[in-house]
2 protein chains.
Amino acid sequence: MGVKGQLLVISGPSGAGKGTVCKALLEKNDIWISVSATTRSPRAGEVDGINYFFTPREDFLKKIENDDFLEYAEVYGNFYGTPKSKVFEMLENGRDVILEIDIQGALKIKSAYPDGVFVFILPPSMEELESRITNRGSETPESLKTRLNAAYDEISFASKYDYAVVNDRVEDAVKKIESIIMAEKCRVYKIKDEILGRF
Amino acid sequence: MGVKGQLLVISGPSGAGKGTVCKALLEKNDIWISVSATTRSPRAGEVDGINYFFTPREDFLKKIENDDFLEYAEVYGNFYGTPKSKVFEMLENGRDVILEIDIQGALKIKSAYPDGVFVFILPPSMEELESRITNRGSETPESLKTRLNAAYDEISFASKYDYAVVNDRVEDAVKKIESIIMAEKCRVYKIKDEILGRF
């Protein structure tokens, strides 16, 4: 076709259900999801190459120097980054690619790769978000409050994204993201040369 | 919901299959299609209010004066126009609206109503377009040539539209347009206030 794959950057506050939505999306579609690199140690059950590429700090710093990351950040003393080469290889091969990354990372990619499609996943309401986080059972009242405040701050960044998808029901959210991918492949500014070249 | 309906403006060269695609789209979706007004006389089989609102010239001119049209044009001495009030009424009620109109009309609406979504339907190739027009059997070699040249000129206007949909198979074209409608309803710049107002 000559049309490259679509880069889809997905963010959203903790509790919006990004992970669940991405998982359901990948089950139904031929999309490749990028795995981040990190210098932090694996937690119990985490697998190298699946959850993260666990990368020694020295190697990570060398990769930064070589411009090997689409974006990277240091959080609480650990580095996290999105390896560049594999993402571009997949896109060139016409494969759609998902990056499920935080807002700061997404905004960095937006300025570096404006052809990406930036999707913000939202919970249906703050009440629903609170109930989802509470039901995980891992929060103290204090940490719940911190998380909710962080989520509230993050939601204001939705306006920097191209699309906002309210995750009310996972299957509806997935359908919307599938539609966004299909619609973006019909956008004239992206396919003009390929299409008009036929005539 | 507070979210208004989506205005979808569909154009494309003769032979692209706009009519077939719109018909299939309307069968499957709750979309309202606008009926144009014209001063020309009904042809055999044409029904007032279905194919066109057949409107006396004097009335049409009065409507122009009253700014009752989204766009209008005079073609070979007959006026054609898109009545405004019904379109806006439907959109305000949250109903999606299709206008299947020519390129000149579409471009006029684009400047007056930029929130509209402009979709250009293309034939898969000039060869396929030629075969479709030929198979109608109503063309002389001369008029076929004129039609093909006109189509070729029209296709260059695709670049003024938001989306281009190649009508290879009708069901695929319909699926793409359905995706475009769904994706446009997730566009942050359109739903920001409604969505952020929830938090």
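Procedures and definitions
- Along each chain, residue indices are assigned from 1 in the same order as the chain's sequence is written.
- In the order they appear in the text, chains get letters beginning with A and ligands get numbers beginning with 1.
- Note on the predicted model: pLDDT of at least 70 is required for a residue's local features to be given, and 80 or more for side-chain atom pairs to be given and counted; whole-chain, interface and lining totals, by contrast, use all residues.
- Side-chain measures here rest on the full set of heavy atoms in the structure, leaving out hydrogens and waters.
- UniProt positions are given in the numbering used here, feature names are shortened, and annotations may be inferred rather than shown by experiment.
- The helix and strand labels rest on DSSP assignments: H or I over at least four residues marks a helix, E over at least two residues marks a strand, and numbering proceeds from the N terminus.
- At least two bridges found by DSSP between two strands is the condition for calling them paired.
- Lines are fitted to the C-alpha atoms to define the axes, a helix being fitted only along its stretch in contact, and any angle between axes, read from their N-to-C directions, falls within 0 to 180 degrees.
- When checking whether two residues touch, look at their non-hydrogen atoms; a contact exists if any pair is within 4.5 Å.
- Defined in terms of a 1.4 Å probe, buried area is the accessible area two parts forfeit on being brought together, summed over both.
- Within this document, salt bridges are pairs made up of a side-chain nitrogen of Lys or Arg and a carboxyl oxygen of Asp or Glu, the two lying within 4 Å of each other.
- Identification of polar contacts relies on pairs of N or O atoms within 3.5 Å, with a donor-acceptor requirement for protein atoms, meaning one able to donate a hydrogen and the other able to accept it, and with residues adjacent in sequence counted only if both atoms are side-chain atoms.
- When accessible area is computed with a 1.4 Å probe and restricted to protein chains, residues below 20% of their type maximum are described as buried, those above 50% as exposed, and intermediate ones as partly exposed.
- Expected span, for any helix, means 1.5 Å times one less than how many residues it has.
- Cavities and pockets were defined on a 1 Å grid built over protein atoms only: a cavity is a set of grid points that admits a 1.4 Å probe from which the probe cannot escape, a pocket is an open set flanked by protein on both sides within 12 Å along at least five of seven lines, and lining residues are those with an atom within 4 Å of any such point.
- Grid points are joined across faces, edges and corners, and a volume is the space filled by probe spheres set on the points.
- Charged residues are taken to be Asp, Glu, Lys and Arg, nonpolar residues to be Ala, Val, Leu, Ile, Met, Phe, Trp, Tyr, Cys and Pro, and polar residues to be all remaining types, Gly included.

**A closer look at the UniProt feature "domain: Guanylate kinase-like" (unreviewed entry) in chain A**
UniProt tags residues 5-182 of chain A as "domain: Guanylate kinase-like" (unreviewed entry). The straight-line gap between the two end C-alpha atoms of residues 5-182 of chain A is 11 Å; of that span, 43% is helix and 22% is strand.

**Remarks on the sheet that holds strand E9 (residues 163-166) of chain A**
Ordered in space as E2-E7-E1-E8-E9 (chain A), the five strands form an open sheet in which the pairing is parallel. Every interior strand has two partners, whereas the edge strands, strand E2 (31-33) and E9 of chain A, have only one. Averaged over neighbouring strand pairs, the angle between their axes works out to 25° when direction is ignored. As defined by bridge partners, strand E8 (residues 117-122) of chain A adjoins E9(A) across four bridges and the pair is classed as parallel. By the bridge assignment, A:Leu122 is partnered in E9(A) with A:Val166. Across the sheet, helix H8 (residues 188-196) of chain B is in contact with E8 and E9 of chain A; its angle to E9(A) comes to roughly 45°.

**Some words on the interface of chain B and chain A**
Taken residue by residue, the interface counts 31 residues in chain B and 31 residues in chain A. Buried surface at the junction of chain B and chain A, both sides included, amounts to about 2700 Å², of which 73% is carbon and sulfur. For chain B, the biggest contributors to the area lost against chain A are B:Cys186, B:Val188 and B:Phe199; these three give 25% of the whole. Across the chain B-chain A interface, the total number found is zero salt bridges. Remark: the boundary between chain B and chain A carries eight residue pairs in polar contact (both at pLDDT 80 or more).

**Quick word on the pattern of salt bridges**
A side chain of one charge can pair with a side chain of the opposite charge when the charged atoms of the two come close. All names here are of chain B. Summed over the entire model, instances satisfying the criterion amount to 30 salt bridges over all chains. The closest approach of N and O atoms between glutamate 178 and lysine 28, which form a salt bridge, is 3.2 Å. Here the residue glutamate 178 occupies a position in helix H7 (residues 170-184), and lysine 28 occupies one in helix H1 (residues 18-28), the gap between them amounting to 150 residues. Here arginine 198 makes a salt bridge to glutamate 194, at a shortest N to O gap of 4.0 Å. You can call glutamate 194 partly exposed: its relative accessible area is 25%.

**Things to note about the UniProt feature "binding site: ATP" (unreviewed entry) in chain A**
Residues and elements named next belong to chain A. Following the UniProt record, one finds the feature "binding site: ATP" (unreviewed entry) at Gly12, Pro13, Ser14, Gly15, Ala16, Gly17, Lys18 and Gly19. Checked against the element boundaries, proline 13 lands in the loop between strand E1 (7-11) and helix H1 (18-28). Exposure remark for proline 13: the relative accessible area of 0% places this residue in the buried category. With sequence-adjacent residues up to four places away left out, proline 13 is seen in contact with Lys18, Phe120, Ile121, Pro123, Ala151, Glu154 and Ile155. As for its placement among the helices and strands, glycine 19 is situated in helix H1. On the basis of relative accessibility, which here comes to 38%, the residue glycine 19 falls in the partly exposed class.

**A word on H7(B)**
Relative to the 21 Å expected for 15 residues at 1.5 Å per residue, H7(B) spans 21 Å between its end C-alpha atoms, a close match to the ideal helical length. If you check which residues of H7(B) are buried, you get B:Ala173, B:Val174, B:Ile177, B:Glu178, B:Ser179, B:Ile180, B:Ile181, B:Ala183 and B:Glu184.

**Quick notes on empty space enclosed by the protein**
Under the defined criterion, the tally for this structure stands at one cavity of 30 Å³ or more. Estimates place the volume of the largest cavity at around 40 Å³. What lines the largest cavity is A:Val188, A:Ile191, A:Lys192, A:Ile195, A:Leu196, B:Ala158, B:Ser159 and B:Ala164. Here the lining of the largest cavity gets five residues from one element, more than from any other, and that element is helix H8 (residues 188-196) of chain A. Of the residues belonging to the lining of the largest cavity, the class tally is six nonpolar, one polar and one charged.

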